[in-house]
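Tertiary structure, described
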Amino acid sequence: MNTMVGREAANRTLNLDALRSFVAICETGSFRRAAERVHKSPSAVSLQIGKLEELLGVRLLDRDARHVALTDHGGTLLGQARRLLGLNDETLAHYQQSPLVGRLCLSAPHDLGVTLVPGLLQRLAEVHPGVHVDVRLGTSEAVLKGVTDGAVNLALFNDVGASKIPAQDLFSEPLKWLVLNGGSAVQQDPLPLAVAEVGCAWRDAALDALHTAGRAYRVAYSSDTSMGQVAAIRADLAVAALPLSLADRDLVEAPSHYDLPHLPLTHIRVTDDGSELARAFVALVAADMRPRPRVAAE
């Protein structure tokens with residue numbers, strides 16, 4: 001092997017800050033939100049990604065005017081970057097251990113329990129390794145009941161309209177009628193719906209909107225998670241009221257000529273019992289939790 005080439009390769013080191021920005025882009029859905037998370041400007045984050053691609057000699061992201069998608073190399077790096085950052089954070093936590101210790105009970109709806117809670121628990125373990133969390137998943141209605149009954153220390157929940165309990169807004173996004181691109185379900189009368197179980201805020205918003213508009217509908221598919229609803233849409237069995245971030249090439253917003261009623265914003269909120277452990281978790285949630293739409297160049 002050429003000695004000079006070997007020496008140059010050995011001196012190359014991945015920049016953990018650049019990797020953290022790369023992971024933030026993938027997790028938050030945009031350069032702008034990633035920049036907010038890592039406390040840099042969008043241009044600085046873009047420069048980091050450019051240098052990272054130059055160092056690795058591969059393209060990590062495919063970009064056009066509106067969207068950014070992971071390349072195959074980018075998908076591989078995402079898993080590797082998370083492991084490297086996890087080891088870094090674990091090492092720092094070992095030498096800078098948080099004094100917080102104890103156990104929390106967290107409640108969340110099924111969708112957030114699958115998509116967002118695992119990452120938050122991992123982050124909590126890195127920052128406060130002495131805090132352990134028990135998780136209870138249920139409908140938005142059951143989550144709120146657990147809070148009001150004092151059965152849990154904190155809760156993440158989906159909501160529409162004003163919150164019924166004191167809570168902190170984390171982010172909001174529009175609910176939209178999603179349909180299969182080119183599908184026929186949206187043309188049926190009564191309108192076939194894919195809904196979550198009773199107690200889901202999105203279900204209530206959909207049914208209230210249709211009732212107010214006097215639009216006939218039937219529940220064609222029911223699931224305890226939005227992924228079940230998405231499956232029904234992809235099979236062209238139904239339409240569903242879901243966050244716009246779930247739209248993709250196949251799942252699109254219903255064209256306006258179908259005249260489906262307007263839907264409200266959905267809000268992701270967090271509430272806690274005021275305890276020191278719960279407040280520490282909420283601080284992490286507020287810093288790290290963002291909507292997870294398609295990766296978009298904003």
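Our subject is the structure listed above.
Only a predicted model underlies this, so the values are computations on that prediction, with no experimental measurement involved. (Residues numbered from 1 in each chain as written. Predicted model: local features only at pLDDT ≥ 70, side-chain atom pairs only at ≥ 80, totals over all residues. Heavy atoms only, no water.)

Next up on the list: the overall build of the protein chain. Per the secondary structure count, the protein chain includes eleven helices and eleven strands. Per-residue burial for the protein chain yields a buried fraction of 45% across its 298 residues. Counted over contacts in the protein chain with a minimum sequence separation of 6, partners at least 24 positions apart contribute 76%. Accessible surface computed for the protein chain: about 15,200 Å², of which carbon and sulfur atoms make up 52%. (Helix = DSSP H or I, 4+ residues; strand = E, 2+ residues; numbered from the N terminus. Buried < 20%, exposed > 50% of the residue type's maximum accessible area, 1.4 Å probe, protein only. Contact = heavy atoms within 4.5 Å. Areas by Shrake-Rupley, 256 points an atom, 1.4 Å probe, with all protein chains shown as cover.)

Attention now goes to the pattern of salt bridges. Close approach of charged atoms lets side chains of opposite charge pair. Enumeration over the complete set of coordinates arrives at ten salt bridges. Residue R59 is joined to D62 by a salt bridge in which the shortest nitrogen-to-oxygen separation is 3.5 Å. According to the relative accessible area criterion, R59 is partly exposed, its value standing at 46%. Across the pair D250 and R234 runs a salt bridge whose closest N-O atoms are separated by 3.6 Å. Of the two residues, D250 is situated in the loop between β9 (240–243) and β10 (251–253) and R234 in helix α10 (residues 226–234); the sequence distance between them amounts to 16 residues. R234 gets classed as partly exposed once you look at its relative accessible area, which sits at 38%. Look at the salt bridges and you will find they share partners, linking D159, D169 and R269 into a network. (Salt bridge = Lys/Arg side-chain N within 4 Å of Asp/Glu carboxyl O.)

Tracing the backbone shows T225 in the loop between β8 (217–223) and α10. Leaving out residues up to four positions away in the same chain, T225 has contacts with H110 and D111.

What follows concerns the pairing of strand β3 (residues 102–109). Of all eight residues in β3, six are buried, a share of seventy percent or more. Alignment of β3 against strand β4 (residues 131–138), held across eight bridges, turns out to be parallel. In the sheet register, L104 faces β4, and the bridge partner there is V133. Sheet analysis places β3 next to strand β5 (residues 154–159), joined by two bridges and oriented parallel. Within β5, the residue paired with S107 across the bridge is A155. (Pairing = 2+ DSSP bridges.)

As a further point, take a nonpolar patch on the surface. A contiguous nonpolar surface patch, about 270 Å² in accessible area, is contributed by L14, L16, L56 and L84. Take L56: it is sitting in helix α4 (residues 42–56). (Patch = residues over 30% accessible without salt bridge, like charges linked within 9 Å, V, L, I, M, F, W, Y side chains within 5 Å.)

Proteins that are soluble and globular tend to have nonpolar side chains buried together. Counting residues in hydrophobic clusters, the biggest one holds 32 residues, and the most contacted among them are W177, V186, L191, L193, V239 and L242. Ranked by the residues each element gives to this core, the list is headed by helix α9 (residues 201–213), at six residues. The residues touching W177, leaving out its near neighbours within four places in the chain, are L193, A206, L210, V239, A240, A241, V252, E253, A254, L260, P261 and L263. (Core = buried A, V, L, I, M, F, W, Y, C linked by side-chain atoms within 4.5 Å.)

Among the secondary structure elements, T13 is positioned in the loop between α1 (3–11) and α2 (16–28). Spatially, the C-alpha atoms of T13 and L55 are 8.8 Å apart, while their sequence positions differ by 42 residues.

Note on helix geometry: an α-helix contains 3.6 residues per turn, so any two residues three or four positions apart are oriented the same way. Its 13 residues place the ends of α2 18 Å apart at the C-alpha level, agreeing with the 18 Å of an ideal helix rising 1.5 Å per residue. Within α2, ten of the 13 residues are buried, which leaves it mostly tucked inside the rest of the structure. Looking at α2, one finds that the buried residues are A18, L19, S21, F22, V23, A24, I25, C26, E27 and T28. (Expected span 1.5 Å × (residues − 1).)

Time to look at the side chain of Q48. Inspection of the secondary structure assignment puts Q48 in helix α4. Note on Q48: relative accessible area 14%, which makes it buried. Q48 has contacts with D17, A18, S21 and K40, leaving out every residue within four places of it along the chain.

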